[in-house]
Amino acid sequence: MSGAVGRVVRRSLPSSASEVLSECSCGASVVVRLSADSKTSPAGVWTEKGATAVYANAIATTAGPASVGGSCPGFTEACRSCYGKSLERYTAFERLAADNLATLRHVEECGGTRALARVFVDILDHVAEHQRRDGLERVTFRWNMSGDVWSEKCARAIASAHRARPEVEGWLYTRTLSAVRHLVRGGDGLRVYVSLDQYNLERGARVASRWGVPVALLADDRDHWRALWERVQAFDIPGARLCPASGKWANDGRGPAHVVGADGRRGSLAFGGSVRGACDACRLCLPSGLGSSVVFLRRGGS
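Residues numbered from 1 in each chain as written. Predicted model: local features only at pLDDT ≥ 70, side-chain atom pairs only at ≥ 80, totals over all residues. Heavy atoms only, no water.

Peer 1: Whenever I open this one, a positive patch on the surface confuses me. Can you help?
Peer 2: A cluster of basic residues, Lys 153, Arg 156, Arg 163 and Arg 185, forms a positive patch at the surface. Position of Arg 163 relative to the elements: it lies in helix α3 (residues 152-164). (Patch = residues over 30% accessible without salt bridge, like charges linked within 9 Å, V, L, I, M, F, W, Y side chains within 5 Å. Areas by Shrake-Rupley, 256 points an atom, 1.4 Å probe, with all protein chains shown as cover. Salt bridge = Lys/Arg side-chain N within 4 Å of Asp/Glu carboxyl O. Lys, Arg positive; Asp, Glu negative; His and termini not counted. Charge placed at Lys NZ, Arg CZ, Asp CG, Glu CD. Helix = DSSP H or I, 4+ residues; strand = E, 2+ residues; numbered from the N terminus.)

Peer 1: Hey, could you run me through the packing of aromatic side chains in this one?
Peer 2: Remark: the centre distance and the inter-plane angle together describe each pair of aromatic rings, the angle taken between the planes. The tally for this structure, following the rule as stated, stands at 5 aromatic pairs. Ring centres of Phe 120 and Trp 143 lie 4.9 Å apart, and the angle between their planes is 75 degrees; on these two criteria the pair is classed as edge-to-face. Remark: Trp 143 occurs in strand β6 (residues 139-146) and Phe 120 occurs in helix α2 (residues 91-133); sequence separation between them is 23 residues. In this structure Phe 120 comes out as buried when scored by relative accessible area, which is 1%. Judged by relative accessible area, which is 1%, Trp 143 ranks as buried. Ring geometry for Tyr 173 versus Tyr 193: centroids 5.4 Å apart, planes at 40 degrees, classification tilted. One end of the pair, Tyr 173, is in strand β7 (residues 168-174); the other, Tyr 193, is in strand β8 (residues 190-196), and 20 residues separate them in sequence. Side by side, Tyr 173 and Tyr 193 carry an identical accessibility label, which is buried. Taken together through their ring pairs, the aromatic side chains of Phe 120, Phe 141 and Trp 143 make up a single cluster. (Phe/Tyr/Trp six-rings, centres within 6.5 Å; stacked < 30°, edge-to-face > 60°. Buried < 20%, exposed > 50% of the residue type's maximum accessible area, 1.4 Å probe, protein only.)

Peer 1: When you look at the nonpolar core in this model, what are you seeing that I'm missing?
Peer 2: Note that soluble globular proteins tend to have their nonpolar side chains buried in a common cluster. In this structure, Leu 34, Phe 120, Ile 123, Phe 141, Trp 143 and Ile 158 are the most contacted members of the largest nonpolar core, which totals 36 residues. Contributing elements (two or more residues each) for this core: β2 (29-33), α2, β6, α3, β7 and β8. Looking at which element gives the most residues to this core, the answer is α2, with 13 residues. Filtering out sequence-adjacent residues up to four positions away, Ile 123 remains in contact with Val 20, Val 32, Leu 34, Ile 59 and Phe 141. If you look at the next biggest cluster of nonpolar residues, it comprises 21 residues, including Val 180, Ala 208, Ala 219 and Trp 229. (Core = buried A, V, L, I, M, F, W, Y, C linked by side-chain atoms within 4.5 Å. Contact = heavy atoms within 4.5 Å.)

Peer 1: What is the right way to read helix α5 (residues 201-211) from this model?
Peer 2: Three or four residues apart is the spacing at which side chains of an α-helix point the same way, because the helix has 3.6 residues per turn. Buried within α5 we find Leu 201, Gly 204, Ala 205, Val 207 and Ala 208. Projected onto a plane normal to the axis of α5, the buried residues spread over an arc of 160 degrees and lie on a single side. Those residues of α5 that are buried are in contact with α4 (180-183), β8, β9 (215-219) and α6 (222-231). Immediately downstream of α5, the backbone of Gly 212 shows phi near 70 degrees, a positive value. (Arc of directions from axis to C-beta.)

Peer 1: Sorry if this is basic, but what is going on with the pattern of salt bridges here?
Peer 2: Should the charged atoms of two oppositely charged side chains come close, the side chains can pair. Scanning all chains against the criterion turns up 14 salt bridges. Between Arg 175 and Asp 197 there is a salt bridge, with the nearest N and O atoms lying 2.9 Å from each other. With a gap of 22 residues between them, Arg 175 in the loop between β7 and α4 and Asp 197 in the loop between β8 and α5 connect regions that are remote in the sequence. Arg 175 sits in the buried class, given a relative accessible area of 16%. What makes Asp 197 buried here is its relative accessible area of 1%. Taking the shortest distance from any N to any O, the salt bridge between Asp 263 and Arg 265 comes out at 3.0 Å.

Peer 1: How do you make sense of the sheet that holds strand β5 (residues 58-60) when you look at a structure like this?
Peer 2: Each strand in a sheet pairs with another by means of backbone hydrogen bonds, the pair being arranged parallel or else antiparallel. One open sheet accounts for 7 strands, arranged β5-β6-β7-β8-β9-β13-β10; its pairing is parallel. Edge strands, defined here as strands with exactly one partner in the open sheet, are β5 and β10 (240-242). In this sheet, neighbouring strand axes are inclined to one another by 25 degrees on average, regardless of whether the strands run parallel or antiparallel. In this sheet, β6 lies alongside β5 in parallel orientation, the contact comprising 2 bridges. (Pairing = 2+ DSSP bridges. Axes fitted to C-alpha atoms, helices over the stretch in contact; angles between N-to-C directions.)

Peer 1: For this particular structure, what's the right way to read the environment of Leu 177?
Peer 2: Following the sequence through the fold, Leu 177 ends up in the loop between β7 and α4. Along the primary structure Leu 177 and Ala 102 are separated by 75 residues, whereas in three dimensions their C-alpha atoms are 22 Å apart. The contact partners of Leu 177, leaving out residues within four places of it in the chain, are Val 194, Arg 203, Gly 204 and Val 207.

As structure tokens, this is what we get:
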């Protein structure tokens, strides 16, 4: 056990942990493959290969607008430097994201929101099984580490899954503004952020204010953050805090900014040791977090 109560130090990802088996309403078996993202994972290791997650608790679909086969109807110019899209230069990730999107759209076309919700419940159950098996007390899941909510049916299905499994802490950031009114029905187990940048700022802030959700603001640096935040002051949205992974941890010289020590402290991070994802440790964006808005800087901490 590590220093955190109910937390184990796992050293590798079980071979079955990333594959979720489910069934479409047409009777076909379907497989959704989850991603082991070291920033979101409850545990990992830091070796010469970098920080590696040992829990698959995130899902990816193809990033980009529908015109290029993506799942992001709210795509803006700021998305051209998208983290998820950059991962698609790796053939294996590109195939995983594309297969997931094709599979989930097939389920949606066959059975609509209800069928898609059943698959999403299977995903949450799968993640919970693997995390609880190792004694983790709070199960976490990141929606759309790549891609976005591609339809209103998808949004309703995510909300329905979290109503059915409120004990799983899920969170997502979305530029699909038409989806927000459905996502907010996910209950206390789902934290929804409206993703803002300089291109969708006022439209997104208006939607966030209407539905009472925080925003996730993408800015180039601190000066840009201040300038953009001035433009949303007229809207009733929660105050913002800087994501530590793109702020103070980005330049502290301790190691990869997106992980901390296994006990949840940045100061205990050590090469060769077990780590914990920054999101799981910080919890700012999770349902059990503060509920404030969050800022991500492109030029980490500058």
